[in-house]
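What follows is the residue order along each chain.
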Amino acid sequence: MKGDNALIEKMEVGEKAAEFVKDGMVVGLGTGSTVYYFMSKLGHLVQQGLSIKGVPTSKQTEKLALELGIPLVSLNEIEQIDVAVDGADEIDSELNLIKGGGGALLREKIIANAAKTFIVVADSHKNVDTLGTFPLPVEVVPFGYEMTMKYIRELGGNPKLRQKEATPFLTDNGNYIIDTSFQEIKKPRDLEKNLNLIPGVVDNGLFIDMADTVITIVDNTLVTKIRG
Ligand code: 5RP
C-alpha cells in the first residue's frame, strides 16, 4: 500500500512543479521516478505549444526528454538555468537534502547550482527530522577507491561500493558511487565539506542551502515549503 501511495504522491508533486515553468524558460531536468511525472506533464505542455529548453541531469533523463519531445540544450550553451526540478532521497526541516539514490548527484548538483530557482519534488516518505538514515552517495574516481573509502570511514561513515550486476556501478561520468551509512548526520554542512576535501572524492549527495522550494505531501496534503 505504501508503494501505491508513494506513486500517487510522486505524480501529484511532479505535476505541481510543472506550474513553475513558464514560456521561454531554460529548465533543469532532474533524475528519478518523481521527476518522471514532472517531465511527462512538461512533455504534454510542450505538445500544446509551450516553448522551453531542458538541460538533463543524466543520460537516462536525456533519453526520456527526447522520447517526450522536450527540446534540449547543453549547459555550455547557456548563461543560466531559470528553474531546475529534481527529486531527493531525504529532506530535513531546513530543506537540506540527501540526493544521489539514482547515481546522478554530480550533474544534479552542477545543474541545481546553475539554476536561479531550484525546486525539489518529493513524496511524504522523504521528509525526515535528521538526515542520514538513507546511506549518503559519494561519487569517487575509480583510482585508489579503497584508499578513498578508508578516509571516508575516518569521518565516521560505513562506506559500501555500489554494485550493479556484480560489477561496480558506473556514473555517467565514469566514476564509482560509495554509499555511506552515517546513521545520523548531525552537522551536514561540515560533512559535505569534509568529504569533498578527500582526494578522490568528486562530490557527495549532501545538498546544503540549495533547495529554494520543496513540493511534498504532509498529512495527505500537498504543501509547498520555501527556504527561509
Ligand atoms: C538521483 C536522485 C533522485 O532525485 C533521488 O534518488 C530520488 O529519486 P526518486 O524520485 O526516484 O525517489 O537523486 O540521483
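Below: a short report on this structure. Being a predicted model, the structure only gives us computed values, none of them experimental.

Focus on the pattern of salt bridges
Charged atoms that come close allow side chains of opposite charge to pair.
Moving on, step 1. Applying the stated criterion to the full structure yields 14 salt bridges.
Moving on, step 2. Note that E94 is salt-bridged to R189, the shortest N-O span being 3.6 Å. One end of the pair, E94, is in the loop between strand 4 (90-91) and strand 5 (97-98); the other, R189, is in helix 6 (residues 188-196), and 95 residues separate them in sequence.
Moving on, step 3. The network of salt bridges with shared partners includes K10, D123 and K126.

Looking at the side chain of E108
Moving on, step 1. Within the secondary structure, E108 is located in helix 4 (residues 105-113).
Moving on, step 2. Among the residues examined, E108 registers a relative accessible area of 4% and is labelled buried.

Regarding the environment of G156
Moving on, step 1. You can see G156 is positioned in the loop between helix 5 (145-154) and strand 8 (158-161).
Moving on, step 2. Look at G156 and you get exposed, because its relative accessible area is 53%.
Moving on, step 3. Counting along the chain gives 81 residues from G156 to L75, while the straight-line C-alpha distance between them is 35 Å.

A look at the packing of aromatic side chains
Moving on, step 1. Enumeration over the complete set of coordinates arrives at 3 aromatic pairs.
Moving on, step 2. Taken together, a centroid distance of 6.4 Å and an interplanar angle of 35° make the contact between F118 and F207 tilted. Here the residue F118 occupies a position in strand 6 (residues 115-121), and F207 occupies one in strand 13 (residues 206-207), the gap between them amounting to 89 residues. Of the two residues, F118 and F207, both sit in the buried class.
Moving on, step 3. Over the ring of F207 we find K99; its NZ or CZ atom is 5.7 Å from the centre of that ring.

The rules behind each value
- Residues numbered from 1 in each chain as written.
- Predicted model: local features only at pLDDT ≥ 70, side-chain atom pairs only at ≥ 80, totals over all residues.
- Heavy atoms only, no water.
- Salt bridge = Lys/Arg side-chain N within 4 Å of Asp/Glu carboxyl O.
- Helix = DSSP H or I, 4+ residues; strand = E, 2+ residues; numbered from the N terminus.
- Buried < 20%, exposed > 50% of the residue type's maximum accessible area, 1.4 Å probe, protein only.
- Phe/Tyr/Trp six-rings, centres within 6.5 Å; stacked < 30°, edge-to-face > 60°.
- Lys NZ or Arg CZ within 6 Å of the ring centre and 35° of its normal.

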